[in-house]
Amino acid sequence: MAEHPKPECDKSSCGSCSSRTTCSGIPEAPPRSETVPEDQKLQHRLGKIRRKIMVMSGKGGVGKSTVATNLAVHLMLADQRVGLLDVDIHGPSIPQMLHLEHARVVGDGEALLPLEYSGLKVMSIGFLLPNADDAVIWRGPMKMTVIRQFLQDVAWGDLDTLVVDLPPGTGDEPLSVCQLATPVDGAVIVTTPQRISTSDVRRSIRFCQKLDIPVLGVVENMSGFVCPKCGEITHIFKSGGGEKMAAEMNVPFFGRVPLDPRIGVASDNGVPFICNQAPAESMETFDRIVSAIQAL
Ligand code: ADP
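A few points on the structure. Model, not experiment: these values are computed from the prediction. (Residues numbered from 1 in each chain as written. Predicted model: local features only at pLDDT ≥ 70, side-chain atom pairs only at ≥ 80, totals over all residues. Heavy atoms only, no water.)

**Side note on the packing of aromatic side chains**
For any pair of aromatic rings, the description consists of the separation of the ring centres together with the inter-plane angle of the planes. Put simply, the test is: Two rings belonging to Phe, Tyr or Trp (six-membered ring only in the last case) form a pair when the distance between their centres is within 6.5 Å. Interplanar angles under 30 degrees mark stacking, angles over 60 mark edge-to-face geometry, and anything in between is tilted. Numbering goes from the N terminus for both helices and strands, where a helix is a DSSP run of H or I of at least four residues and a strand is a run of E of at least two. In this scheme, a residue with accessible area under 20% of its type's maximum is buried, one over 50% is exposed, and one in between is partly exposed, where area comes from a 1.4 Å probe on protein chains only.
Counted under the stated rule, the structure contains one aromatic pair. With 5.8 Å between their ring centres and 75° between their planes, phenylalanine 273 and phenylalanine 286 make a pair best called edge-to-face. Taken together, the positions of phenylalanine 273 in the loop between α8 (261-268) and α9 (280-294) and phenylalanine 286 in helix α9 put the pair 13 residues apart, joining distant regions of the chain. Overall, the relative accessible area of 1% leaves phenylalanine 286 in the buried class.

**Here we look at the environment of valine 188**
Condition: For this analysis, residues touch if any pair of their heavy atoms sits within 4.5 Å.
Among the secondary structure elements, valine 188 is positioned in strand β8 (residues 186-191). Each C-alpha atom, one on valine 188 and one on valine 163, is 9.7 Å from the other, the two residues being 25 residues apart in sequence. Apart from residues lying up to four places away in sequence, valine 188 is in contact with Ile53, Met54, Val55, Met56, Leu71, Leu216, Gly217, Val219, Phe254 and Ile289.

**A look at the packing of helix α6 (residues 195-210) against helix α7 (residues 241-249)**
Condition: Note on definitions: angles span 0 to 180 degrees between N-to-C directions of axes, and those axes are lines fitted to C-alpha atoms, for helices only across the stretch in contact. By convention, the crossing between two helices is left-handed when the near helix turns anticlockwise from the far helix through less than a right angle, and right-handed when the turn is clockwise. Charged means Asp, Glu, Lys or Arg here, nonpolar means Ala, Val, Leu, Ile, Met, Phe, Trp, Tyr, Cys or Pro, and polar covers whatever is left, Gly included.
Close contact between α6 and α7 brings their axes to 11 Å; oriented N to C, the two are set at 35°. Taken as a pair, α6 and α7 cross one another with a handedness that is right-handed. When α6 is examined against α7, the residues Thr198, Val201, Arg202, Ile205, Arg206 and Gln209 are found in contact with a partner set consisting of Gly241, Gly242, Met245, Glu248 and Met249. In the contact of α6 with α7, the residues fall into four nonpolar, four polar and three charged.

**Side note on the side chain of serine 124**
Among the secondary structure elements, serine 124 is positioned in strand β6 (residues 120-124). Excluding residues that lie within four positions of it along the chain, serine 124 makes contacts with Asp86, Pro92, Pro95 and Phe150.

**With respect to the side chain of arginine 45**
Here is the rule: Here Asp and Glu are counted as negative and Lys and Arg as positive; His is not counted, and neither are the chain ends. The salt bridge definition used is simple: a Lys or Arg side-chain nitrogen within 4 Å of an Asp or Glu carboxyl oxygen.
When you line up the elements, arginine 45 lands in helix α1 (residues 32-46). Nearest to the buried, unbridged arginine 45 among oppositely charged side chains is aspartate 153, at 5.2 Å. The residues contacting arginine 45, other than those within four sequence positions of it, are Ala111, Leu151, Gln152, Asp153, Val154, Ala155 and Trp156.

**Quick word on the pattern of salt bridges**
Evaluation of the coordinates by the stated rule reveals 15 salt bridges. A salt bridge links aspartate 160 to arginine 81, with the nearest nitrogen and oxygen atoms 3.0 Å apart. Taken together, the residues span a long stretch of sequence, with aspartate 160 in strand β7 (residues 159-165) and arginine 81 in the loop between α2 (64-77) and β2 (82-86) at a distance of 79 residues. For glutamate 248, the salt bridge identified is with arginine 202, shortest N-O distance 2.6 Å. Here arginine 202 lies in helix α6 and glutamate 248 lies in helix α7, a separation of 46 residues in the sequence. Residues participating in the shared-partner salt-bridge network are Lys59, Asp200 and Arg203.

**A short note on the site of the ligand**
Quick note on the threshold: Here a residue is near a molecule or strand as soon as one of its heavy atoms is found within 4 Å of it. Each polar contact in these results corresponds to two N or O atoms within 3.5 Å; when the atoms are within protein, one needs to be able to donate a hydrogen and the other to accept it, and residues that are neighboring in sequence are counted only if both atoms are side-chain atoms. Throughout, the Shrake-Rupley method with a 1.4 Å probe supplies accessible areas, and for residues the shown protein chains are the sole cover considered.
Taken together, 18 residues are adjacent to the ligand, and Gly61, Lys64, Ser65, Thr66 and Pro258 come closest. With respect to the ligand, the side chain of threonine 66 contributes an N or O atom lying 2.6 Å from an oxygen atom. One nitrogen or oxygen atom from the main chain of proline 258 is found 2.9 Å from a nitrogen atom belonging to the ligand. Out of a free accessible area of 560 Å², the ligand has 80% covered by protein chains. For the shell around the ligand, the elements supplying multiple residues, two or more each, are α2, β9 (215-226), β11 (253-259) and α8. For the shell around the ligand, the class distribution of residues is seven nonpolar, nine polar and two charged.

Given below as structure tokens:
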């Protein structure tokens, strides 16, 4: 079993330490009396947030951050007070999607102040990195620490909904969010139609089921290509994979978002596509997600 570093350890000479093969490298948790105020702080902050919603996918590049960003903005346009937390620590893309890539976090002495996009409160590891291209090389415990900080030490204020954009898969970050932001009120699952993506996303659904997090529904993104000239839809990838998988897993299906060059351009320009005459089918899909969240 892994040992904790000795109290006198300053972790500066791990290579020559006699305990290096058994030591966890993680300092022992402080005595309970010191952690209680921290937990109280976390509970106080989360107590002002009515609903916490996770956006998950099995694979990267399927449009999870695009869905999370546009969902947060769509909720805000439905008069909700909304926060958007990007915990994709190794690949934060929310700052760019909201044209906030040059913004940096400041504190007021008590808390970190979230960035704002037309009233939407936003926090991302991207706002803390000296350069947008810097790589974050952290193991699980470090990630949990920063996620705790994002939940506990950010001045979110009173929110109707906090949308949490998770990295793909079911690793440290989703688990940390589920443990710290308990109870998470629901998960929105994003997939593309191909079987390779839908089979990965089944794991995300099982993860939620194991942790008792309601799966609100599945979005099938990149479902058919919309020709920018004539509007005709071509099914580059097979269509319907997300819907079929949702039916097999017995979870709701929200609908499709076609592969649309205007969505890619909007993300690159830092403007959520939902703000600018989103295609009807995509709009209907987002309307259904918003209704499901508002019903919670
Ligand atoms: P993930 O968060 O799953 O890694 P992103 O949301 O970052 O994926 O999307 C990856 C890329 O695909 C981005 O450039 C985004 O603009 C683009 N994209 C996502 N969904 C669509 C879509 N429906 N149509 C066109 N481009 C899209």
